[in-house]
Structure formats: structure tokens, C-alpha cells
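Listed here are the chains, written in short residue letters.
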Amino acid sequence: MDAQTQLVAELYKTLNDAQKQEVLSMIDTLLSQQLNDQQSLDSHSSATEKQDSIA
């Protein structure tokens, strides 16, 4: 485990249950946003490839 991950793990242990829930919710939001961004990029590059093949 790298130092940054270890630090986050130690800080996480100090949170109360409500704070932990909030952190997990934020992580969930970030991950789903990242997934949406990736899907947007994938569909955009797919559309671009289709245009290139038509041209």
C-alpha cells in the first residue's frame, strides 16, 4: 500500500459512521462521474471512427 493510500485509510478510521457514509457517497459519485465521462469518450470516438470510415 503506498503512503497516500495508507494515510487515507488511517484518516478514514477516525471518522464517525455518518462521516464514513458521506465519504463513501462522494467516492461513489466520483466513480460514476468517471464512468460517465469514459462512456462519453468511448461513444464519441466510436462516432468519429464511423465518420472516418464513411468519408
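Residues numbered from 1 in each chain as written. Predicted model: local features only at pLDDT ≥ 70, side-chain atom pairs only at ≥ 80, totals over all residues. Heavy atoms only, no water.

(A) Summary view of the overall build of the chain. Helix and strand content of the chain: 2 helices and 0 strands. Relative to its full complement of 55 residues, the chain shows a buried share of 0%. Of the roughly 5,000 Å² that the chain leaves accessible, carbon and sulfur atoms contribute 57%. (Helix = DSSP H or I, 4+ residues; strand = E, 2+ residues; numbered from the N terminus. Buried < 20%, exposed > 50% of the residue type's maximum accessible area, 1.4 Å probe, protein only. Areas by Shrake-Rupley, 256 points an atom, 1.4 Å probe, with all protein chains shown as cover.)

(B) Quick peek at the pattern of salt bridges. Tallying each qualifying case throughout the model produces 1 salt bridge. One salt bridge connects Lys13 with Glu10, and the closest N-O pair in it is separated by 3.2 Å. Of the two residues, Lys13 and Glu10 are both situated in helix α1 (residues 3–13); the distance of 3 residues between them amounts to about one turn of the helix. Under the relative-accessibility criterion, Lys13 is labelled exposed at 57%. (Salt bridge = Lys/Arg side-chain N within 4 Å of Asp/Glu carboxyl O.)

(C) Quick peek at a nonpolar patch on the surface. Nonpolar side chains collect at one region of the surface, where Leu24, Ile27 and Leu31 lie side by side and expose about 260 Å² of accessible area between them. Relative to the assigned elements, Leu31 resides in helix α2 (residues 17–54). (Patch = residues over 30% accessible without salt bridge, like charges linked within 9 Å, V, L, I, M, F, W, Y side chains within 5 Å.)

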